[in-house]
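# Inside the fold
As a plain string of letters, each chain reads:
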Amino acid sequence: MRATTIHAPYDMRVENVPEPMVQLPTDAVVRVLRACICGSDLWAYRGEAARQPGQRIGHEFLGVVEETGSEVGTVRRGDLVVAPFMWSDGVCDYCREGLTTSCEHGGFWGSVGYDGGQGEAVRVPFADGTLVQLPKEAASDDHLLSALLTLSDVLGTGHHAALGAGSRPGATVAVVGDGAVGLCAVLAAKRLGAERIIALGRHEVRTDIARRFGATDVVAERGDAAVEAVRELTRGQGAHAVVEAVGTEQSMRTAVNITRDGGAIGFVGVPHGSGTGLDLGVMFDRNIALRGGVAPVRAYIPDLLPDVLDGTIDPSPVFDMTVGIEGVPDGYKAMDERTALKVLVTNG
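Residues numbered from 1 in each chain as written. Predicted model: local features only at pLDDT ≥ 70, side-chain atom pairs only at ≥ 80, totals over all residues. Heavy atoms only, no water.

### Topic: the nonpolar core
- Counting 49 residues, the largest nonpolar core has L62, L148, L151, L155, V308 and V318 as the members making the most contacts within it.
- Of all the elements, helix α6 (residues 180-191) adds the most residues to this core, at 8 residues.
- Taken domain by domain, this core gets at least three of its residues from each of domain 1 (2-153 + 296-346) and domain 2 (155-292).
- Here L62 is in contact with V32, L33, R34, L80, V81, V82, L134, L145, L148 and L149, once residues within four sequence places are set aside. (Core = buried A, V, L, I, M, F, W, Y, C linked by side-chain atoms within 4.5 Å. Buried < 20%, exposed > 50% of the residue type's maximum accessible area, 1.4 Å probe, protein only. Helix = DSSP H or I, 4+ residues; strand = E, 2+ residues; numbered from the N terminus. Domains from an automatic or database assignment. Contact = heavy atoms within 4.5 Å.)

Shown next as structure tokens:
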């Protein structure tokens, strides 16, 4: 089959690799219909996250079950399924508590020795704990497939951030970051009843999507100017709930400085850089809480899925470029150069 591999910084290839097979009785093989490129994939692409030459990549996909191991009971051949960005057994202490990303037997797609989502098929460990069944008729609806694909990562991650920040009816929410996760956090905050949503971002195409998703205000400034602008919009107090969806020192510092006393920050931007931007003294004095981390999206899919299916929320606009499997390297280049927000990958 064809699959995306990474060989060195900026060296992405689509190559022939062995077809996946059921290796354990808890496995399934999924033929991928839709996958995508994540902003976090760019760290490997740019050489800022280590990968072995030839390693697979991609962690967001949905598709059709092609084969199952003898112990798999919740899905069967022909089922349309979505996979969260990590596999999990569904039965360990962490999984039962909803923290599937800390599963004792879990792992990340594209790890050494495992398939990545940016390929034609994937071997799925612990299929019962990992895969979520979707309505079969969705397979013929391109728009709905795009929306459902966001359940594998960005929609659930945005939801995790909004929850961590304490988004709720009547709250003012500010979102730092205009990538796909930040935009999905806007959508999640709206879904959770936020009264006012301030999106921080400089790219008009993206902030237009933020408004479509429910943002009431847009702040294009950065750094101290952004803090001043948010304060001006909130009578000098800041936002009750702040989402940090970038992961840099500057973005975290901005998040702290625009949070209202007694408020909370939900952070889901993968941290990178030399510092954290956190001043615990400031957070202590102002009673600011910090929650977030790797989103356990498998635990959120059952809650979010009905709203995607009935159109209550439609996260599909985060995809603004579509490629076939052979075009994945071009998709990476477009996202790296910021000419694309998020690239959808179609197989057939």
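Structure shown, so let's carry the discussion forward.
### A few points about the domain arrangement of the chain
- Each assigned domain of the chain is listed with its residue range as follows: domain 1 (2-153 + 296-346) and domain 2 (155-292).
- One C-alpha centre belongs to domain 1, the other to domain 2, and the line joining them spans 27 Å.
- The partner domain 2 presents 20 residues to the 22 residues of domain 1 that form the contact.
- For the pairing of domain 1 and domain 2, the buried interface totals around 1800 Å² over both sides, and the portion due to carbon and sulfur atoms is 66%.
- Per-residue buried area on domain 1 facing domain 2 is highest for Y300, R338 and L341; these three make up 29% of the total on that side.
- Across the domain 1-domain 2 interface, the total number found is 3 salt bridges.
- Close ionic contact of D303 with R191 constitutes a salt bridge, the shortest N to O distance being 3.4 Å. (Buried area = accessible area lost by both parts, 1.4 Å probe. Salt bridge = Lys/Arg side-chain N within 4 Å of Asp/Glu carboxyl O.)

### What about the sheet that holds strand β16 (residues 289-292)?
- Read across the sheet, 6 strands follow the order β13-β12-β11-β14-β15-β16 without closing on themselves; strand pairing throughout is parallel. Looking at which strands have only one partner, the edges of the open sheet turn out to be β13 (217-219) and β16. Strand after strand, the sheet turns through a mean of 20° between neighbouring axes, direction not considered.
- One ladder, built from 5 bridges, connects strand β11 (residues 172-176) with strand β12 (residues 196-200); its direction is parallel. Bridge pairing links T172 to R196 in β12. (Pairing = 2+ DSSP bridges. Axes fitted to C-alpha atoms, helices over the stretch in contact; angles between N-to-C directions.)

### Side note on a negative patch on the surface
- Together, E221, D224, E228 and E232 give the surface a local cluster of negative charge.
- Tracing the backbone through its elements, the reader meets D224 in helix α8 (residues 223-233). (Patch = residues over 30% accessible without salt bridge, like charges linked within 9 Å, V, L, I, M, F, W, Y side chains within 5 Å. Areas by Shrake-Rupley, 256 points an atom, 1.4 Å probe, with all protein chains shown as cover. Lys, Arg positive; Asp, Glu negative; His and termini not counted. Charge placed at Lys NZ, Arg CZ, Asp CG, Glu CD.)

### Structural notes on the pairing of β12
- Counting buried positions over the 5 residues of β12 gives 4, a clear majority of the element.
- Tracing the backbone out of β11, into α6 and back to the parallel element β12 gives a crossover that is right-handed.
- By the bridge criterion, 3 bridges tie β12 to β13 in an arrangement that is parallel. Directly across from A199, in β13, lies its bridge partner V218.
- Taken together, β12, helix α7 (residues 204-213) and β13 constitute a β-α-β crossover, and its handedness is right-handed. (Right-handed = clockwise from strand over helix to strand, strands pointing away.)

### Details of the pattern of salt bridges
- Applying the stated criterion across every chain, the model contains 19 salt bridges.
- We note a salt bridge from K333 to E337, for which the minimum N-O separation is 2.9 Å.
- Looking at E337, the relative accessible area reads 45%, which means it is partly exposed.
- Salt bridges sharing partners connect three or more residues here, namely E19, R31 and E66.

### Here's the deal with the UniProt feature "domain: Alcohol dehydrogenase-like N-terminal" (unreviewed entry) in the chain
- Here the UniProt-annotated "domain: Alcohol dehydrogenase-like N-terminal" (unreviewed entry) positions come out as residues 25-135.
- For residues 25-135, the helix share is 12%, the strand share is 31%, and the end-to-end C-alpha distance is 25 Å. (UniProt positions renumbered as here; feature names shortened; annotations may be inferred.)

### What about the packing of aromatic side chains?
- All told, the structure shown has 6 aromatic pairs when counted by the stated rule.
- Relative to Y45, the ring of Y10 lies with its centre 4.9 Å away and its plane at 75°, an arrangement referred to as edge-to-face. Pair noted here: Y10 is in the loop between β1 (2-8) and β2 (11-16) and Y45 is in helix α1 (residues 41-45), with a separation of 35 residues, a long-range link.
- A residue is classified by how much of its surface remains accessible, and Y10, at 48% relative accessible area, is partly exposed. (Phe/Tyr/Trp six-rings, centres within 6.5 Å; stacked < 30°, edge-to-face > 60°.)

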